[in-house]
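Remarks on the overall topology
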Amino acid sequence: MQVPMGILFQLLYITTITFLIFLSLIFVPVSAVDPFTESLLSLKSEILDHSNSLSDWILSSDSVVNSPTEKIFACSWTGVKCNENSSLIIGLDLSVKNLGGVFSEGQFSPFSDLLDLNLSHNSFSEKLPAGIFNLTKLKSLDISRNNFSGHFPSGISNLVNLVILDVFSNSFSGPLPKDVSQIESLKVLNFAGSYFSGSIPSEFGSFKNLDFIHLAGNSLSGKIPSELGMLKTVTHMEIGYNSYEGSIPSELGNMSKLQYLDIAGANLSGSIPKELSNLTHLESLFLFRNQLNGKIPFEFGKISSLSSLDLSDNLLSGSIPESFSELKNLKLLSVMYNDLSGTIPKGIAKLPLLDTLLIWDNFFSGSLPKDLGKYSKLKYLDVSTNYFVGNIPPDICSNGVLLKLILFSNNFSGGVSPSLSNCSSLVRIRIEDNSFSSDISLNFGNFPDLSYVDMSRNRFSGGIPANIALASNLQYFNVSNNPNLGGIIPEKALSLSLQNFSATNCSISGDFPPFGPCKSLLVLELSMNNVSGIIPQSIGNCQSLVSIDLANNNLSGHIPVEFASLPSISVVDLSHNGFNGPIPAKFGSSSSLKLLNVSFNNLSGSIPLEKSFKVMDGSAFWGNPNLCGEPLRPCRHGPNGLELGSRRTQKLAWVLITCGVVVVAITAAVFGVLHFRRGGKGKWKMVSFSGLPRFTANDVLRSFNSVEEAKDLVPPLVAADCKAVLPTGITVLVKKIEWRPEGMNSMLDLISRMGSARQKNLTRLLGCCYNKQMAYLLYDYLPNGNLAERIRTKRDWATKYKIIVGIARGLCFLHHNCYPAIPHGDLKANNIVFDENMEPHLTEFGVKFLNQLNNGPVQARVGNETGEIDRAIKEELYTDIYNFGEVILEILTNGKLSNAATNIQNTSKEVLLREVLYENDVAPSNSVQEEIKLVLEVASLCTRSRSSDRPSMEEALKLLSGLKKQG
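Keep in mind that what you see is a predicted model, and the values were worked out from it rather than measured. (Residues numbered from 1 in each chain as written. Predicted model: local features only at pLDDT ≥ 70, side-chain atom pairs only at ≥ 80, totals over all residues. Heavy atoms only, no water.)

Observations concerning helix H2 (residues 35-46)
The end-to-end C-alpha distance of H2 is 17 Å, a good match for the 16 Å that 12 residues give at a rise of 1.5 Å each. Among the residues making up H2, those that are buried are Phe-36, Thr-37, Ser-39, Leu-40 and Leu-43. Each buried residue of H2 lies within a common arc of 160° when the element is viewed along its axis, so the set occupies one face. Looking at H2, the residues exposed on the side facing more than 90 degrees away from the buried face are Pro-35 and Ser-45. Put simply, Asp-34 is the residue that caps the front of H2, since its side-chain oxygen is 3.2 Å from the backbone nitrogen of Phe-36. (Helix = DSSP H or I, 4+ residues; strand = E, 2+ residues; numbered from the N terminus. Expected span 1.5 Å × (residues − 1). Buried < 20%, exposed > 50% of the residue type's maximum accessible area, 1.4 Å probe, protein only. Arc of directions from axis to C-beta. Polar contact = N/O pair within 3.5 Å; in protein donor to acceptor, adjacent residues only side chain to side chain.)

Listed below in structure tokens is the structure:
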């Protein structure tokens, strides 16, 4: 049956109309959406939204249908700001939303009415789209704290209305954009914290309304343009932490409204221009870490508004100008690490707002002003390592806010100022290495926050104050080498929260007091005294004790078994006493013990048979006539009546050893299989040290992986060392170490101390990401190579001297300013790296001991802040000093001579000096010859064959630093 064509056409028409109506119902929401909303949805599709911060950037059919057609639907979305009638998008704020990804070129083009665009604190990367510069109405553009890279796009001058441009902390490279100077409306310019190179454009001096300029922390070079002095409206300028050439332009003194000037760490040389004194509104001036020389301008006394002045770590000479007495608003004065001399102006003491005075490591002499602290609320005073004499000013803490009193390594005398007893604010007292005398007249009950006291190497008398037990937060106490101190050990002195108690060579007498709850005690040093009696059994309370030195006393009785049971004990020196009885057998089962010196006592019986005793030097057991066994003479009869040394005993020993080896091998194999099956599983944790943002472990691990969750994942880093870029764009050097779970805590303890070591010639350990099987150490990445790579580079003498002194300062800090001391362990040219200013930094310090800790406990934890370290690690420190001497000779000879000891011992000094002078292109008549000769002498001292004949790093640094004074 055929259907008429008319009917077919009618059916087709009805079907088509129905289908079109259906389609219109489906697509009404989309077709009704405004173009701005569509553009934002397109933008969202390009963004990686790790935290679902843009969850409300969605469409629903109901909301679109009910939305007025003349209004922009997206106005209610997170970060979107519209005008009053919602017809224009005028602001887009996507800051701090954990976003990432790469923008396409035209992504922002539709937003031509945008006034504010904020993309800061995210992880956007690759090139910044130049299309942003077509948004000509923009007043504020903030892309700071991302990872944009490549050259900064051209066209920024199109933003003729721009007031704020913040590009801080990205990875841009290449030159700074000159055309930004054409934006007359610009008030804030921040290009800091990237990798911009080349010179600061002279055009930057042409800004008409600029208030704030920040270019610090890049790779800028060349001379600072004098045209910057034309910036009459700028109040804040930071251009430091680059590597410029030449000196500070005197024209900067024309910046009449400047309040804050920071050109620190910028490789500047020459003198400080006196014209800076024309900056009459200046409040903060930071010129530290340069190579500035000459005198501090007397004219600086005219800058009456000055609040903070830091000229530290330069080559400045002369004295502190008397005119500084006129700086009535001065709060901070830091001139440490220079060649300054003379006395401190008396008027400094009368500055009413002074709270921080840091003048250490210079050549100052005379007395401190007697009124220091009387007229100001002084908080921090450090005058250490100078040549001061006289008494501590009597009113040093009269205003009751002094926190740190640091006076060590001077020639101060007299007694401790009575006013200090009422200084309840004190946290730290360091007056060691002076000539103080009389009683230690401190009322420790008045110091609720005092944590550190070092009075060693003085002439105190009258004993340790009995009220020391009242200092409830005291952690470090050292009065060693006060030969006339006398007295007894206060009854509750060993019941504190102390970590270190040192009183060596103090003529202390009386019986050994009982130990209280001493769970924090790590180091106890009481050698070379007259202490008598027995070691109390309560020493078992000191479960954290690592090192104890009781040598050269009058102690007697048995060595308590509780002593031998301490879980962390590593170094024990009981020599030259009157102990009797056997060595406790439990010492043999100690997994941490490295040294037990019991020489010259009345001990008897056999030395424990464990291997740890056999590797100890025999001298540790000398002077005990009734003691036998390895490493001394064999005992005549063993515990079972066997004749020791007989063949029957030897066979039995070999059988036992073989069985033991088999058991250990099987155990190791089982544990190895279990460990392999577990792989890297275990929760990852993160420890951040100073200088690293508070990342989580997943933040760091995602830098190694493309996955989002890394809780049980071992990141695929094969190399021991590699680079990584963290979420904020920070580039770090990653060092991978593996450890046994049982050794993890002791290794973390050392890592924590490594991370706390902060000195400009040490590579910063920024953080540690770890689980039970491994850890990743995150270091500052320094891109300028190491000394081994650059050793043959020709350098002038001043540069070589700077490198040598920098290495010495870093090593000295590890040896004398870390508690406990941290031996480097592997000092060599490969482990000395350079920053952008070619300043040397020690790397790999402490890593050797991390590896040793993983294989078993070592004595890396033992030592104290002043360098009076225990015998067990003293040799490691002396090895560092020897290696330092080797490095000196390598630097002096451009790498041609590396074996310093052999060359110095087997070659006459004249021949060696002639060879060094030849390598440095120095004529014999040149005045530099004497300096090179003295540095060569330091290398000779450091590489003496007997380690005890070598200088400490503190002494070596003083010898090297003295050259500046002579020059």
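Next comes the rest of the description.
Side note on the packing of helix H8 (residues 744-756) against helix H11 (residues 847-855)
Between two packed helices, both the angle of their axes relative to each other and the distance between the axes serve to describe the pair. Two elements in contact, H8 and H11, have axes separated by 9 Å at closest approach and are oriented at 170°. Comparing the axis directions of H8 and H11 gives the class roughly antiparallel. Contact residues: H8 offers Ser-746, Met-747, Leu-750, Ile-751 and Met-754, while H11 offers Val-847, Phe-849, Leu-850, Leu-853 and Asn-854. In terms of residue class, the contact of H8 with H11 is made up of 8 nonpolar, 2 polar and no charged. (Axes fitted to C-alpha atoms, helices over the stretch in contact; angles between N-to-C directions. Parallel < 35°, antiparallel > 145°, perpendicular 65-115°, else oblique. Contact = heavy atoms within 4.5 Å. Nonpolar A, V, L, I, M, F, W, Y, C, P; charged D, E, K, R; others polar.)

Let's talk about the pairing of strand E25 (residues 363-366)
The sheet contact formed by strand E23 (residues 341-342) and E25 spans 2 bridges and is parallel. Bridge pairing in E25 links Gly-342 to Phe-364. Across 2 bridges, E25 lies against strand E27 (residues 387-390) in parallel orientation. If you follow Gly-366 over to E27, its bridge partner there is Phe-388. (Pairing = 2+ DSSP bridges.)

As for the sheet that holds E25
Spatially, E23-E25-E27-E29-E31-E33 is the arrangement adopted by the 6 strands of the open sheet, whose pairing is parallel. In this open sheet, the two strands that pair with only one neighbour each are E23 and strand E33 (459-461). Pairing between strand E31 (residues 435-439) and E33: 3 bridges, direction parallel. Counterpart to Ser-438 in the pairing with E33 is Phe-460.

Topic: unusual backbone geometry
In this structure, Pro-631 follows Glu-630 across a cis peptide bond, with omega equal to 5°. Within the secondary structure, Pro-631 is located in the loop between strand E44 (626-628) and helix H6 (647-678). For His-121, which is not glycine, the phi dihedral falls at a positive 55°. Relative to the assigned elements, His-121 resides in the loop between strand E5 (116-118) and strand E6 (123-126).

Topic: the pattern of salt bridges
Under the criterion given, the structure shown has 11 salt bridges. Beyond isolated ion pairs, a larger network of salt bridges with shared partners links Asp-313, Lys-760, Lys-802, Arg-809 and Glu-839. (Salt bridge = Lys/Arg side-chain N within 4 Å of Asp/Glu carboxyl O.)

Notes on a negative patch on the surface
A grouping of Glu-203, Glu-227, Glu-251 and Glu-275 is seen on the molecular surface, where their side chains present a negatively charged patch. With respect to the helices and strands, Glu-251 occurs in the loop between strand E15 (236-238) and strand E16 (260-262). For Glu-251, a relative accessible area of 33% corresponds to the partly exposed category. (Patch = residues over 30% accessible without salt bridge, like charges linked within 9 Å, V, L, I, M, F, W, Y side chains within 5 Å. Areas by Shrake-Rupley, 256 points an atom, 1.4 Å probe, with all protein chains shown as cover. Lys, Arg positive; Asp, Glu negative; His and termini not counted. Charge placed at Lys NZ, Arg CZ, Asp CG, Glu CD.)

A closer look at the environment of Leu-420
For Leu-420, the location among the structural elements is in the loop between strand E29 (411-414) and strand E30 (428-430). Accessibility expressed as a relative area gives 1% for Leu-420, which makes it buried. For the pair Leu-420 and Asn-443, spaced 23 residues apart in sequence, the C-alpha separation works out to 8.5 Å. For Leu-420, the residues in contact, after removing those within four places along its chain, are Ile-392, Ile-396, Leu-405, Leu-426, Leu-442 and Phe-447.

Considering the pairing of strand E8 (residues 147-151)
As a general feature of sheets, a regular strand has side chains that alternate between the two faces. Pairing of E6 with E8 involves 2 bridges; the strand directions are parallel. When the bridges of E8 are listed, Glu-126 appears paired with Phe-148. By the bridge criterion, 3 bridges tie E8 to strand E10 (residues 171-174) in an arrangement that is parallel. When the bridges of E10 are listed, His-151 appears paired with Ser-173.

A word on the nonpolar core
Nonpolar side chains in soluble globular proteins tend to be buried together. Of all hydrophobic cores here, the largest spans 174 residues; its most connected members are Phe-191, Phe-204, Ile-263, Phe-501 and Phe-563. Elements with a minimum of two residues in this core: H2, strand E2 (80-82), strand E3 (89-93) and helix H4 (561-564). The element best represented in this core is H2, accounting for 3 residues. With residues near it in sequence (within four places) discarded, Ile-263 still touches Ile-224, Ile-239, Gly-240, Tyr-244, Ile-248, Leu-252, Leu-268, Phe-286, Leu-287 and Asn-290. If you look at the next biggest cluster of nonpolar residues, it comprises 66 residues, including Ile-737, Phe-849, Ile-881 and Leu-960. (Core = buried A, V, L, I, M, F, W, Y, C linked by side-chain atoms within 4.5 Å.)

Overview of the confidence of the model for the chain
Caution applies to low-pLDDT regions: their predicted coordinates should not be interpreted in detail. Here the chain averages 83 in pLDDT, while 84% of its residues score no lower than 70. Long-range and interchain partners of residues 666-681, a stretch whose pLDDT sits below 50, account for 10 contacts in this model, where long-range means more than four residues apart. Contacts from residues 858-869, a stretch scored under 50 in pLDDT, to residues over four places away or in other chains number 75 contacts. (pLDDT = per-residue confidence, 0-100.)

Looking at a positive patch on the surface
Together, Lys-328, Lys-346, Lys-350, Lys-370 and Lys-374 line one region of the surface with positive charge. Turning to its location among the elements, Lys-350 is positioned in the loop between E23 and strand E24 (356-358).

Some remarks on the packing of aromatic side chains
Going through the model one piece at a time under the given rule, you end up with 30 aromatic pairs. Considering the side-chain rings of Phe-563 and Phe-587, the 5.9 Å spacing of their centres and the 65° angle between planes classify their relative orientation as edge-to-face. Note that Phe-563 is positioned in helix H4 and Phe-587 in the loop between strand E41 (578-581) and strand E42 (595-597), a separation of 24 residues in sequence. Neither residue differs from the other here; Phe-563 and Phe-587 are each classed as buried. Relative to Tyr-770, the ring of Trp-739 has its centre 5.9 Å away and its plane inclined at 70°; by these criteria the two rings are edge-to-face. (Phe/Tyr/Trp six-rings, centres within 6.5 Å; stacked < 30°, edge-to-face > 60°.)

A word on helix H15 (residues 928-942)
With 15 residues, H15 should cover 21 Å at 1.5 Å per step; its first-to-last C-alpha distance of 22 Å lies within 8% of that length. When we look at burial in H15, the residues that qualify are Val-928, Gln-929, Ile-932, Val-935, Leu-936, Val-938, Ala-939, Ser-940, Leu-941 and Cys-942.

Some words on the state of the cysteines
Going through the model one piece at a time under the given rule, you end up with 4 disulfides. One disulfide bridge connects Cys-75 with Cys-82, the sulfur atoms lying 2.0 Å from each other. Judged by the sign of its S-S torsion, about -95°, the cystine formed by Cys-75 and Cys-82 is left-handed. With relative accessibility at 15%, the residue Cys-82 sits in the buried group. Taken in N- to C-terminal order, the disulfide-linked cysteines of the chain are connected 1-2, 3-4, 5-6, 7-8. (Disulfide = S-S within 2.5 Å.)

Overview of the sheet that holds strand E46 (residues 721-725)
Spatial strand order, E45-E48-E49-E47-E46: 5 strands in an open sheet with antiparallel pairing. Two strands bound the open sheet, and with one partner strand each, they are strand E45 (685-688) and E46. Neighbour to neighbour, the strand axes of the sheet diverge by 25° on average, direction disregarded. Together, strand E47 (731-738), strand E48 (765-770) and strand E49 (774-780) form the strand contacts of H8, whose direction differs from that of E48 by roughly 160°.

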